[in-house]
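Structural overview
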Amino acid sequence: MNVNSIAAMATSMSDTRVASEVATTVFKKALDVQEQTAMQLIAALPQAPNNPPHLGNGVDVRA
């Protein structure tokens, strides 16, 4: 191999590594935003009413 091809390969490998790191960082940020949005949605849900204790005991599971 000549010096030019070695330098080109090293540059290419470096570019690939940087692109991979950027993609990983963007993915992590997207996950953080999604987590925050999900937590806001959960917090916005109305509280469940207090149902009577007999409610839901007669579910037919053999239909």
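Before going into details, it helps to say that this report is about the structure given with it. This is a predicted model, so every value here is computed, not measured.

Attention shifts here to the overall build of the protein. Summing up its helical and strand segments, the protein has one helix and zero strands in all. In summary, the protein has a C-alpha radius of gyration of 27 Å against a globular reference of 11 Å for 63 residues, an excess of more than 25%. Dimensions along the principal axes, computed over C-alpha positions, put the protein at roughly 80 × 35 × 10 Å. Expressed as a percentage of the 63 residues in the protein, the buried residues total 0%.

So, on to a nonpolar patch on the surface. Taken together, Val18, Val22 and Val26 make up a surface patch of nonpolar side chains, about 250 Å² in accessible area. With respect to the helices and strands, Val18 occurs in helix H1 (residues 3–44).

Let us look at the pattern of salt bridges. All told, the structure shown has one salt bridge when counted by the stated rule. Here Arg17 makes a salt bridge to Glu21, at a shortest N to O gap of 3.1 Å. On the criterion of helical spacing, the pair formed by Arg17 and Glu21 is a turn pair, its members being four residues apart in helix H1. Here Glu21 falls in the partly exposed class, since its relative accessible area comes to 41%.

We classify Arg17 as partly exposed; its relative accessible area is 47%. Taking the C-alpha atoms as reference, Arg17 lies 18 Å from Ser5; in sequence the two are twelve residues apart.

Definitions and limits used
- Residues numbered from 1 in each chain as written.
- Predicted model: local features only at pLDDT ≥ 70, side-chain atom pairs only at ≥ 80, totals over all residues.
- Heavy atoms only, no water.
- Helix = DSSP H or I, 4+ residues; strand = E, 2+ residues; numbered from the N terminus.
- Rg over C-alpha atoms; globule rule 2.2 N^0.38 Å.
- Buried < 20%, exposed > 50% of the residue type's maximum accessible area, 1.4 Å probe, protein only.
- Patch = residues over 30% accessible without salt bridge, like charges linked within 9 Å, V, L, I, M, F, W, Y side chains within 5 Å.
- Areas by Shrake-Rupley, 256 points an atom, 1.4 Å probe, with all protein chains shown as cover.
- Salt bridge = Lys/Arg side-chain N within 4 Å of Asp/Glu carboxyl O.

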